[in-house]
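# Summary of the model geometry
One-letter residues, chain by chain:
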Amino acid sequence: MTPCCEPSCKRVEVEVEVEVVVEVEVEVEVVVEVEVVVEVEVVVEVEVEVEVVVVVVVEVLALVVSAAVSTLFLLFLAGLVGGALNAVAGGGSFVAFPALLFSGLSPVIANATTAAGLLPASFMSGFAYRKDFTYDRLFLVLAAASTVGGILGAAILLGTKESTFELALPILLGFASLVFTFGGGVIGRLGKLAQNTGGLFVVFLVQVVIATYGGYFGGGMGILMLATFAFVGLTDIHRMNGMKSSLAVLINGAAVLLFAVTHKVVLYPWLAVALGGITGGYFGARIARRIAATKVRRFVIVYAWGMTAYFAWRTYASHP
């Protein structure tokens, strides 16, 4: 009986091996088909996404460049008008400062950039008036006071919070508008009192206060300086304008030095205002002798009070 049992056991083993081989082949084919389908779908999705992203980026860049060029051109015009106004009658910051605010800069940054932008305009105006005054003892005293005050004013501004300066902005504009509106009468009265007063030390202290205000904000600073000049007996308006422009260079120059070190001046807006201010300051000083300053002052007064009212409404309406 034993010889017959052994062959039947061998046949069973062969059949099992054949079934296992067939199952393995089926599994391999399924794996290959799945991998091919997945790879094709991923490639198509990536290509579509890249094309969409490229189109969006190009459109956004075009809009940004267009808006930036338009803004810089408007700031150039603001600097042009501001520089010319400073040379003729003063009040240039009433144009440049709001323009920088409307461009999106914060109040402190806009104020610092205004001072830096109109600095070259003051220099060009002072250069145009260079033959109308001399660097005498009075000018040197005022120059020293202007430098000290400019540094103090800038330091105070740098220590002021953005929110605090924004709330104080309408008050500063209102004060500057008052000075600009009634400054002419003050100058006339001080001129009459000049004969009975004296002392360069008093003049030095007054100019330090004016320069500190100028380094902090500066609106109407030129009118205050003209009042100081009348206080000491000056009457030649061309000499007074020349001294005013030159001292403004020292005040703003000292302030801008601190602003630049602390990164409070924005490069491209400053450049646009500065280029416009240089052009307006130089030609404004040249035509100042042919234009009645009173007519220009009337326009600046109306504009200044309009800006004061607007910023008062914008500031206090949002801070009840």
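Keep in mind it's a predicted model, so treat the numbers as computed, not measured. (Residues numbered from 1 in each chain as written. Predicted model: local features only at pLDDT ≥ 70, side-chain atom pairs only at ≥ 80, totals over all residues. Heavy atoms only, no water.)

When helices and strands are counted, the protein chain shows 10 helices and 0 strands. Going from N to C terminus, the protein chain has its helices and strands arranged as α-α-α-α-α-α-α-α-α-α. Each of the 320 residues in the protein chain was classed as buried or not, and the buried ones make up 40%. Sequence separation of at least 24 residues holds for 85% of the intrachain contacts in the protein chain that already meet a minimum separation of 6. With the model as given, the accessible surface of the protein chain reaches about 17,900 Å², and the carbon-plus-sulfur share is 71%. (Helix = DSSP H or I, 4+ residues; strand = E, 2+ residues; numbered from the N terminus. Buried < 20%, exposed > 50% of the residue type's maximum accessible area, 1.4 Å probe, protein only. Contact = heavy atoms within 4.5 Å. Areas by Shrake-Rupley, 256 points an atom, 1.4 Å probe, with all protein chains shown as cover.)

In this model, the protein chain carries an average pLDDT of 76, and 70% of its residues clear a pLDDT of 70 or more. Considering only residues more than four positions removed or in separate chains, one finds that residues 8-14, a stretch of pLDDT under 50, has 0 contacts. In the predicted structure, residues 16-40 sits below a pLDDT of 50 and forms 0 contacts with residues beyond four places in sequence or in another chain. (pLDDT = per-residue confidence, 0-100.)

The next thing to look at is the packing of helix 6 (residues 200-216) against helix 7 (residues 221-231). It is the contact of helix 6 with helix 7, at a shortest axis distance of 10 Å, that shows an interaxial angle of 175°. When the axis of helix 6 is compared with that of helix 7, the two are roughly antiparallel. Across the interface between the two elements, Val202, Val203, Val206, Gln207, Ile210, Tyr213 and Gly214 from helix 6 touch Met221, Leu224, Met225, Thr228 and Phe231 from helix 7. Per-class residue counts for the contact of helix 6 with helix 7 are 9 nonpolar, 3 polar and no charged. (Axes fitted to C-alpha atoms, helices over the stretch in contact; angles between N-to-C directions. Parallel < 35°, antiparallel > 145°, perpendicular 65-115°, else oblique. Nonpolar A, V, L, I, M, F, W, Y, C, P; charged D, E, K, R; others polar.)

This next bit is on helix 8 (residues 237-261). Compared with an ideal rise of 1.5 Å per residue, which puts 25 residues at 36 Å, helix 8 spans 36 Å between its outermost C-alpha atoms and is within 8% of the ideal. After helix 8 finishes, the residue His263 shows a positive phi value of roughly 60°. (Expected span 1.5 Å × (residues − 1).)

Attention shifts here to the packing of aromatic side chains. One pass over the full model with this rule turns up 8 aromatic pairs. Through successive ring pairs, a cluster of aromatic residues spans Phe97, Phe175, Tyr213 and Phe217. (Phe/Tyr/Trp six-rings, centres within 6.5 Å; stacked < 30°, edge-to-face > 60°.)

It is worth spelling out the side chain of Thr308 at this point. With respect to the element layout, Thr308 can be found in helix 10 (residues 293-317). A polar side-chain atom of Thr308 sits 3.0 Å from a polar atom in the side chain of Ser177. Ignoring any residue separated from it by four or fewer positions in sequence, one finds Thr308 in contact with Pro170, Leu173, Gly174 and Ser177. (Polar contact = N/O pair within 3.5 Å; in protein donor to acceptor, adjacent residues only side chain to side chain.)

According to the stated counting rule, one finds 1 salt bridge in the structure shown. For Asp136, the salt bridge identified is with Arg239, shortest N-O distance 2.8 Å. Residue Asp136 is found in the loop between helix 3 (107-128) and helix 4 (137-158), and its partner Arg239 is found in helix 8; the two are separated by 103 residues along the sequence. The exposure class assigned to Asp136 is partly exposed, which follows from its relative accessible area of 24%. Judged by its relative accessible area of 22%, Arg239 is partly exposed. (Salt bridge = Lys/Arg side-chain N within 4 Å of Asp/Glu carboxyl O.)

Turning our eyes to something else, we now look at a nonpolar patch on the surface. On the surface, Leu72, Leu267, Tyr268, Leu271 and Leu275 cluster together to form a nonpolar patch covering roughly 470 Å² of accessible area. If one sorts the elements of the nonpolar patch by residue count, helix 9 (residues 267-287) sits on top with 4 residues. Checked against the element boundaries, Leu275 lands in helix 9. Given a relative accessible area of 45%, Leu275 falls into the partly exposed group. (Patch = residues over 30% accessible without salt bridge, like charges linked within 9 Å, V, L, I, M, F, W, Y side chains within 5 Å.)

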